[in-house]
Amino acid sequence: MSQLPPITLHISEDTGSDNQELSPDNEGAMHTSFRELIQEQSILAEASTELELQERGRGHPAHLAPPDTSAFAWLEPGQGEQHPGDSTTLRILASMPSRTIGRSRGAIISQYYNRTARLRRRRSRPSLQQLSRTARPSLRQYDLESDPARATLQDKRSLLAKELLSLSPSQRSHMLLSLPLCLAEKRALWRELDEQRSPLGLRPHPTAAPSPCGWCKDYITLGCRHLWYRLLALLPAAQPWHYALKQISGRFGSSVLSYFLFLKTLLMFNVFSLLILLVFVVALQAAYPPAKANQQPFAGFELLTGAGYFTHSLLYYGYYSNITLNDPSASSLSGSVAHSAPPRLPYNMPLAYLFTVGVSFFATCILLVYSMYRSFGESYRVGSSAGDLAIKVFCAWDFKVVQRRSVKLQCENICTQLKELLAERRSRSCPLSLCQRLGRVAVLLLAWVLSLGTVLGCVVAVHYLLEHMHVVQQEHRALAGSTWQREGILLVLPLTVSLLNTLMSHLYNLLAICERQDSPAVEVYVAICRNLLLKMLVLGLLCYHWLSRRVVCSDEECWETCVGQDLYRFMVMDFVFTLLDTIFGELVFRLISEKRLKRKQRPEFDIARNVLELIYGQTLTWLGVLFAPLLPAVQVLKLLLLFYIKKTSLMQNCQAPSKPWQASRMSTVFITLLCFPSFLGAAVFISYIIWSVKPSETCGPFQGLETIYKSVNVWAKLMEKSSPNITWLTWIQQYLVENTFFLFFVSGVLLAMTYCHIQVVKGQRRIICLLKEQIANEGEDKIFLIEKLHCIYQQKEERA
Amino acid sequence: LRGLNDLLFYRYRDLAPQLVPLDYTDKPDVTLPYELIGSMPELKDNPFRQRIAEVFSEDGDGNMTLDDFLDMFSVLSEMAPRDLKAYYAFKIYDFNNDDYICKSDLEKTVNKLTRNELTPEEVRLVCEKVIYEADLDNDGKLSLEDFQHMIIRAPDFLSTFHIRI
């Protein structure tokens, strides 16, 4: 974006008709005539133009120096006047490669031929040192020896097919996919490829990887991709929500759709962990129930509190046995082995429980990191600077929106955004006075102090409530009151926490309105930050209390079941409050605004707040998986119900969002938030419990052990005793898992990799700067050459 | 991609069942007029529907054969690569088909986006700023390379330039 004035060229009528004949396949002819012309004229006019060149060279910097000036008259040749020499120049210029590339099929095929030829020739990435500022290599590296521009369309096609065959299959399919030709042309190309491939057979290519591994890898990649496409074809039929998502995106656009897609992602995660837990833990324990029978009958209240009938059921940790299920050595006392009976496979329940929870966490971690990586790849751009207006004009129109009213709304939104951007540009040039700036800083400071104060206040309130509830519970137990009261007391804490979360998020929304930030993106980030801080601090406090068990679950025998029940109650209350929030925040708001206030304004769907609620619910699930293996099932049910409730409420009560929302960047932010505070926190909590907390003595799969992890040691010792050959297992355990040096080493390697990536990104930024300079230089070159051409023609005319 | 192709074929046929035969093995030469294409629910209210139909039709006037129809929805689907989408988006916004998005093209685009709600002065300002931001080789118009370079910096492009069928 240098400050050169633009050059306008007027293509006259007669040259227009000439272009129609000359351009489609005759770019080669234009190239050669251009070269010939320059050669001929340069010999003739060398002496006389040298002086002129020096003059212009001196003149150039003088004209370049003043920035932001309007178009220069001397660089606009032929405005109003029609020099006869101009027509040839203009005809030549109009058939330059940069202007014909998009127009004809021949040009597209030639361009892709060059691209594939370049791909084939390039062995490795060019080194950074070669990119110096003085050298100006041309960006259009056309291969002039085997110039495809001279050939006919059929020849070009066969040339391209030959080049494509020399690429690896994955590169070939990628290139074919990105070819901007119509289907008929692509089919012709495929036919050409098949014809060329069949006589050759499966000959190994000289330029492909010499090892068989690379060859196999390419075919495996292609095979996987074909499988994936076939699966994708089945997916619309198998997807139950395809039409619902289409409806939502049609009316509300990509921003609200991103919430529902996030919900779907969470559902997939939970279904996956649920399946693992069901197969390896729950189903087997259900097949071999423990000796203790269930004492309490089923009353409806269990669904809310998770206590009562559910206490001694598959839902909680306490139900699971610590023995080896189906153990053949424990069955027959007589000592004779019954050959006719089917072989019995022993199943070590504690080990299965620990490993299943570990594997589900590990798999979730990998899936999360992978989605984060993909999301970052799509939304993070190196060297992206200002350019919002251009991006807004070309990328803001959401083609998914199809309903008439929503289209109208979108037009209005874009109009407002453009006006705001223009106003912002104007205001940037006249900054605020000192008084105004101080006022803004004071308002911001006040808002932050208020929000941090409320966060601390809520945390302290929850802390005191915990202690108070503990006292009340003990009194109640002493007095032996009714069941209803007891259950009610259990519900007070989750109710209060959910109420605080809801109220505080509305308060933060109000604060955001009062603050009036400059950019709506910053507003959203600030709101997310505050909400997240509150939720994480409250959860942190609760985790501390669950671990220390001074006031919570202090007099229970089976504290894990107690913690599991607490988490179940929190999840159910969270769902109830989301429901109430939807009803009051959206339905009642709309009814009041329509019936009473007679306004057409409907509430907007608050995406950030809803996504944070989803993240909070998911954190609760992850925290509770160890204590209640069926908690993912509860979460799956909750998410399914939430989808339909939110969709119905959205359709009936809400309007499309009026603020600009960068859907892909926000999706990346959400998945990062899911990974970092949420999943990491849960993983740290679970790891701490597995490694350092003493499980209860009388219930659960880890009864009597020192820590949950000791069960692995016990098993390892057992394996050593039974088969002394497997020493590598104990070796792995001793030197890799329990040795701190190995963990430090792994962290060091990860840090080194991160540092390398950061340096690569820095290097890419530098390359982008250098390339931008090159492009600007090429533009200068072009203007200079055009000027020279005009001078040459003028002189030719004068001489003639 | 068989499933998607079948779905698209049935949608194409639904537009004019009497014109489009069920059997395409002998490659019948059937072209549906622009009015039918423009009446599809996915395109009916899109301000750029005429340009979309023109860009993907063979003769450039909006009448589409089945191949053109398949082409259009495959480029506008989720799976099309970014460069391909950028190429066709460039052609859509290039109203006068001169392979450059000049100022008049930009003005038409902005007016279609905002339904003529902006004042001419504001439209002029917007167009100037867009060209200033995106034009790299300083010829006063946006070429395909300028457009593609700008699209690379816009991560939302893939999700907005997408029609669900």
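Residues numbered from 1 in each chain as written. Chains lettered and ligands numbered in written order. Predicted model: local features only at pLDDT ≥ 70, side-chain atom pairs only at ≥ 80, totals over all residues. Heavy atoms only, no water.

A. The arrangement of the overall build of chain A in detail. Scanning chain A from terminus to terminus reveals 26 helices and two strands. Looking at chain A residue by residue over its 800 residues, the buried ones come to 42%. Long-range pairs, those at least 24 residues apart, make up 80% of the contacts in chain A with a sequence separation of at least 6. Carbon and sulfur atoms make up 64% of the accessible area of chain A, which amounts to about 43700 Å² in all. (Helix = DSSP H or I, 4+ residues; strand = E, 2+ residues; numbered from the N terminus. Buried < 20%, exposed > 50% of the residue type's maximum accessible area, 1.4 Å probe, protein only. Contact = heavy atoms within 4.5 Å. Areas by Shrake-Rupley, 256 points an atom, 1.4 Å probe, with all protein chains shown as cover.)

B. Structural view of unusual backbone geometry. All names here are of chain B. One non-glycine residue with positive phi stands out, namely D99, at about 65°. Structurally, D99 is set in the loop between α5 (82-93) and α6 (103-114). Even without being a glycine, R115 presents a positive backbone phi close to 55°. Judged by relative accessible area, which is 42%, R115 ranks as partly exposed.

C. View of a nonpolar patch on the surface. There is a patch of nonpolar side chains on the surface, built from F741, F742, L743, F745, V746, V749, L750 and M753 of chain A and spanning about 770 Å² of accessible area. Tracing the chain through its elements places V749 of chain A in helix α26 (residues 740-799). (Patch = residues over 30% accessible without salt bridge, like charges linked within 9 Å, V, L, I, M, F, W, Y side chains within 5 Å. Salt bridge = Lys/Arg side-chain N within 4 Å of Asp/Glu carboxyl O.)

D. The confidence of the model for chain A, seen in detail. For chain A, per-residue confidence averages 76 on the pLDDT scale, and residues scoring 70 or more make up 73% of the total. The low-confidence segment residues 201-211 of chain A (pLDDT under 50) makes seven contacts with residues lying over four places distant or belonging to another chain. (pLDDT = per-residue confidence, 0-100.)

E. Main features of the nonpolar core. Grouped together as the largest cluster of nonpolar side chains are 115 residues, with contacts concentrated most on Y259 and F361 of chain A. The element contributing the most residues to this core is helix α23 (residues 663-692) of chain A, with 14 residues. With residues up to four places along the chain from it excluded, the contact list for Y259 of chain A reads F605, I607, N610, V611, L614, L642 and K646 of chain A. Membership of the second largest hydrophobic core comes to 86 residues, among which are M175 and I414 of chain A together with L66 and I165 of chain B. (Core = buried A, V, L, I, M, F, W, Y, C linked by side-chain atoms within 4.5 Å.)

F. Expanded view of the state of the cysteines. Residue and element names in this part refer to chain A. Under the counting rule described, the total for this entry stands at one disulfide over all chains. Across a sulfur-sulfur distance of 1.7 Å, C558 and C699 are joined as a disulfide pair. Its torsion about the S-S bond being 95°, the disulfide of C558 and C699 is classed as right-handed. On the criterion of sequence distance, the pair formed by C558 in the loop between α19 (520-548) and α20 (559-596) and C699 in the loop between α23 and α24 (710-722) is long-range, its members being 141 residues apart. Take C558 and C699: they sit in the same class, and that class is buried. Left unpaired, C514 is separated from the closest cysteine sulfur, that of C458, by 18 Å. (Disulfide = S-S within 2.5 Å.)

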